[in-house]
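Breakdown of the fold
Given next are the chains, with one letter for each unit.
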Amino acid sequence: MASIRQHMFFPVLLTASVFCFCANPSLAELPRLKQPAKADNSLSFLVVGDWGRKGEYNQTLVAKQMGIVGKNLDIDFVISTGDNFYEDGLKGVDDPAFYESFVDIYTAPSLQKQWYNVLGNHDYRGDVEAQLSPVLKVKDSRWICFRSFILNSGIVDFFFVDTTPLVDKYFTDPGDDTYDWKGVLPRQAYLSELLEDVDSALKQSKAKWKFVVGHHTIKTAGHHGNTLELEEQLLPILKANDIDAYINGHDHCLERITDSESGIEFLTSGGGSKAWRGDIKRWNKEELKLYYDGQGFMSMQITETRADVIFYDVYGNVLHKWTITKDLSTAA
Ligand SMILES: *[C@@H]1O[C@H](CO)[C@@H](O)[C@H](O)[C@H]1NC(C)=O
């Protein structure tokens, strides 16, 4: 029996690896970073989005509560879902907004951890390469920002996706805004490579948990609504690869939608500063588990078999919490 299995298994493996090699001989890999988990393999982190307003619109209050929750949960890192600097990103690597909106705002000891950032549409309105520059890491060693990248952290793989170039209107109807598309053109080649890279990285992942992070919404009852381009081009990849959650900003609210079809959690943490009160569309009540139109942030604590997720308001009050469990036998 064992020898038959081996016999059947070996050619399959061989074919698969040869196939992968031939199919993508020159595929540029996404940057891959490693973030150690805790000794017991668990990890915890905060998620904040749409924040850089020099402390205004309650950014400072949110930062203070992040510091307190970060200490209580002994967080390992922070994720930013983009729109890091309003209104128009950074003007360059020496823009004082880096200090005024980041370094001098998130000062709590518990927040002196790695920050993993993606870019939002507002970041693309400045010197986009400034936020990607290693110079910022010299100014503040917490800062990590790539357009798209993979973060391996023990039991969790995170896939950070640059969503702004997917959105047509920034190209076709930018109005008075100017976008810095350096590094993104020609657009179609950039997008098809990006989507292919994300798909193949997800397929290769053996992590128990898979989270995808991007700035733009896929499913939301908020102001911007679903991002059509992401629904059409990114969502099928996420579904095919059985991810646990898609985490985004862009809508200035805190929101949880559990997709009844795929079971994917769509989590919006875009309450880092200015919030949009009362700006909500109709959504299936079965799926919409939380919609909060004020400021705040989200935390996650993860072990092999469970993820505890909490949304907080600007005073640190718990707005919504739940646990996702995974059967150990099916987790891998
Ligand atoms: C700050 O948060 C409080 C509590 O949610 C809210 O009442 C107030 O309007 C917020 N301030 C701003 C400028 O958004």
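To be clear, the structure that these remarks concern was listed above.
Residues numbered from 1 in each chain as written. Predicted model: local features only at pLDDT ≥ 70, side-chain atom pairs only at ≥ 80, totals over all residues. Heavy atoms only, no water.

Moving on, we come to the overall build of the protein chain. Each helix and strand counted, the protein chain has 10 helices and 15 strands in total. Since a compact globule built from 332 residues should have a radius of gyration of about 20 Å, the 20 Å found for the protein chain is in line with a globular shape. In terms of overall dimensions, the protein chain has C-alpha extents of about 70 × 45 × 45 Å along its principal axes. When contacts within the protein chain are restricted to residue pairs at least 6 apart in sequence, long-range pairs at least 24 apart make up 73% of them. Carbon and sulfur atoms make up 55% of the accessible area of the protein chain, which amounts to about 15,000 Å² in all. Across the protein chain, the 34 positively charged side chains and the 46 negatively charged ones have centroids separated by 5 Å. (Helix = DSSP H or I, 4+ residues; strand = E, 2+ residues; numbered from the N terminus. Rg over C-alpha atoms; globule rule 2.2 N^0.38 Å. Contact = heavy atoms within 4.5 Å. Areas by Shrake-Rupley, 256 points an atom, 1.4 Å probe, with all protein chains shown as cover. Lys, Arg positive; Asp, Glu negative; His and termini not counted. Charge placed at Lys NZ, Arg CZ, Asp CG, Glu CD.)

A few words on the site of the ligand. Around the ligand, the surrounding shell consists of Tyr 57, Asn 58, Arg 277, Gln 295, Val 314 and Tyr 315. Between Gln 295 and the ligand, the recorded distance is 3.1 Å, taken from a side-chain N or O atom to an oxygen atom. Within the complex, the protein chains bury 55% of what would otherwise be the 360 Å² of accessible surface of the ligand. Among the residues forming the shell around the ligand, the class breakdown is three nonpolar, two polar and one charged. (Near = heavy atom within 4 Å. Polar contact = N/O pair within 3.5 Å; in protein donor to acceptor, adjacent residues only side chain to side chain. Nonpolar A, V, L, I, M, F, W, Y, C, P; charged D, E, K, R; others polar.)

Here Asp 162 shows up in the loop between strand 7 (156-161) and helix 6 (169-172). Buried within the structure, Asp 162 lacks any salt-bridge partner; its nearest side chain of opposite charge belongs to Arg 147, at an N-O separation of 4.7 Å. A distance of 2.7 Å separates the side chain of Asp 162 from the side chain of Tyr 124, its partner in a polar contact. (Buried < 20%, exposed > 50% of the residue type's maximum accessible area, 1.4 Å probe, protein only. Salt bridge = Lys/Arg side-chain N within 4 Å of Asp/Glu carboxyl O.)

Moving on, we come to the sheet that holds strand 3 (residues 77-80). Taken together, seven strands build an open sheet; the order of strands is 5-4-3-2-13-14-15 and the sheet is mixed. One side of each edge strand has no neighbouring strand; the edge strands of this open sheet are strand 5 (143-145) and strand 15 (318-325). The average undirected angle you get between the axes of adjacent strands in this sheet is 20°. One ladder, built from seven bridges, connects strand 14 (residues 306-313) with strand 15; its direction is antiparallel. Residue Asp 308 lies in a different strand from strand 15, and its bridge partner there is Thr 323. Sitting on the sheet, helix 2 (residues 59-72) touches strand 2 (43-48), strand 3, strand 4 (114-117), strand 13 (296-302) and strand 14, and the angle it makes with strand 13 is about 15°. (Pairing = 2+ DSSP bridges. Axes fitted to C-alpha atoms, helices over the stretch in contact; angles between N-to-C directions.)

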